[in-house]
Amino acid sequence: MDVDLRKLRYFVAVAEELHFDRAAERLHVTQPVLSRQIRALEQELRAQLFTRNKRSTELTAAGRQLLEDAGPLLNSAQALCRRVRRASHGTSTFTIGFMPGIIVTGAVRAFAVRHPELSVQVVRTSWDDQVQGVHEGLLDVSFVRLPVDHRGLALRPVFREPRVAVLPADHRLAGKQSIGIADLAAERLLQAPDAVPEWRDLPERTGGDGAGPWPAFRTVEEKLEHVATSGGVLVLPLSTAAYYTHADVAHVPIDDIGPNEVCLAWSADRYSPLLSEFADIAAAQR
């Protein structure tokens, strides 16, 4: 059975809104048309996707599973369209994403020398979107920091590096040769606790975390300013901490937690020899 991508997009809109009228408005279709498309999709899949009454619309177990799987499938289709359009315009590009602190110059230059017919481009990514560009076809490959959602990705380890605590320059721990993660138990973490499970799982932890009263921080720059002006700590890879120089912030090695791992990521459903070639070059540069 072939899945109709238009019906799948309609389903995702309803699943995210949990309201047929709002989803229809978002999709610029009428509510009866949307309802017919959802019923047709349910018939094709032989599964009920929503339970509805006059007051609410809820996903069934089958609907929750379809929503989980629909995103990667729609992203893959969108990425395919982008690549085909680029090829039709005679544009031969190879685009590489990289995170702040990760130096990719050597690998990019070596790859460009091997392939003068390609326009090799680099794009900076962030913690929030480091794999999104791969899924959407904007990036051919991307250097990513684990953990990331592995679904739909091929990953090739490139290197590991220590993690450090980022503190106000006048903090009691600043200037030490190294610390243990337990030394941060009373500190407020200015990032998602799941990003630092060693801190999250401390039995003696008394500090708060970024899910508390602090505003949501989108960039490392914002977090560093908050460390400098209002206190709190971050746990970052060494190269990221070194990348951002700030006179009012210090970083100290944490000697009892594992390193951060950097991998090269690309779409698992692509088999271009250029992908594995660039991965080999990137690994050889370390």
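Described in the following lines is the structure provided in the data block. Since the structure is predicted, the reported quantities are computational estimates derived from the model, not experimental observations.

1. Here we look at helix H3 (residues 31-45)
Argument step 1. With 15 residues, H3 extends 21 Å between its outermost C-alpha atoms, agreeing within 8% with the 21 Å of an ideal straight helix rising 1.5 Å per residue.
Argument step 2. Inspection of H3 places Leu-34, Ser-35, Gln-37, Ile-38, Leu-41 and Glu-42 among the buried residues, and these make up the whole buried set. Buried residues of H3 fall within an arc of 160 degrees about the axis and therefore sit on the same side.
Argument step 3. One or two steps after H3, the chain reaches Arg-46, where phi turns positive at roughly 55 degrees.

2. Description of the environment of Asp-194
Argument step 1. In this fold, Asp-194 is placed in the loop between strand E7 (163-168) and helix H7 (197-200).
Argument step 2. A relative accessible area of 56% places Asp-194 in the exposed class.
Argument step 3. Each C-alpha atom of the pair Asp-194 and Pro-147 lies 9.5 Å from the other, and the pair is 47 residues apart in sequence.
Argument step 4. Engagement of the side chain of Asp-194 in a polar contact is seen with the side chain of Arg-200, the distance being 2.8 Å.

3. Examining the nonpolar core
Argument step 1. Counting 21 residues, the largest nonpolar core has Phe-94, Ile-96, Ile-102, Val-141, Phe-143, Leu-264 and Phe-278 as the members making the most contacts within it.
Argument step 2. If you list the elements that add at least two residues to this core, you get strand E3 (93-98), helix H5 (105-114), strand E5 (141-145), strand E6 (153-161), strand E10 (260-267) and helix H10 (273-284).
Argument step 3. Per element, the largest residue contribution to this core is five residues, and it comes from H10.
Argument step 4. In this structure, Val-141 is in contact with Phe-94, Thr-95, Ile-96, Gly-97, Val-134, Leu-264, Ala-265, Trp-266, Leu-275 and Phe-278, ignoring residues within four places of it in sequence.

4. Looking at the packing of aromatic side chains
Argument step 1. This model, assessed by the stated rule, comprises seven aromatic pairs.
Argument step 2. Their ring planes at 70 degrees and their centres at 5.9 Å tell us that Phe-20 and Phe-50 sit as a pair that is edge-to-face. Linking Phe-20 in helix H2 (residues 20-27) with Phe-50 in strand E1 (residues 50-52), this pair joins segments that are 30 residues apart in sequence. With respect to class, Phe-20 is no different from Phe-50; both count as buried.
Argument step 3. Where Phe-94 meets Phe-111, the ring centres are 4.6 Å apart and the plane angle is 40 degrees; that geometry is what we call tilted. Taken together, the positions of Phe-94 in strand E3 and Phe-111 in helix H5 put the pair 17 residues apart, joining distant regions of the chain.
Argument step 4. By relative accessible area, which is 0% here, Phe-111 ends up buried.
Argument step 5. In this structure, Arg-52 packs its charged tip against the face of Phe-20, placed 3.7 Å from the ring centre.
Argument step 6. Between the NZ or CZ atom of Arg-205 and the centre of the ring of Trp-199, over which it lies, the distance is 4.4 Å.

Rules behind the numbers
Residues numbered from 1 in each chain as written. Predicted model: local features only at pLDDT ≥ 70, side-chain atom pairs only at ≥ 80, totals over all residues. Heavy atoms only, no water. Helix = DSSP H or I, 4+ residues; strand = E, 2+ residues; numbered from the N terminus. Expected span 1.5 Å × (residues − 1). Buried < 20%, exposed > 50% of the residue type's maximum accessible area, 1.4 Å probe, protein only. Arc of directions from axis to C-beta. Polar contact = N/O pair within 3.5 Å; in protein donor to acceptor, adjacent residues only side chain to side chain. Core = buried A, V, L, I, M, F, W, Y, C linked by side-chain atoms within 4.5 Å. Contact = heavy atoms within 4.5 Å. Phe/Tyr/Trp six-rings, centres within 6.5 Å; stacked < 30°, edge-to-face > 60°. Lys NZ or Arg CZ within 6 Å of the ring centre and 35° of its normal.

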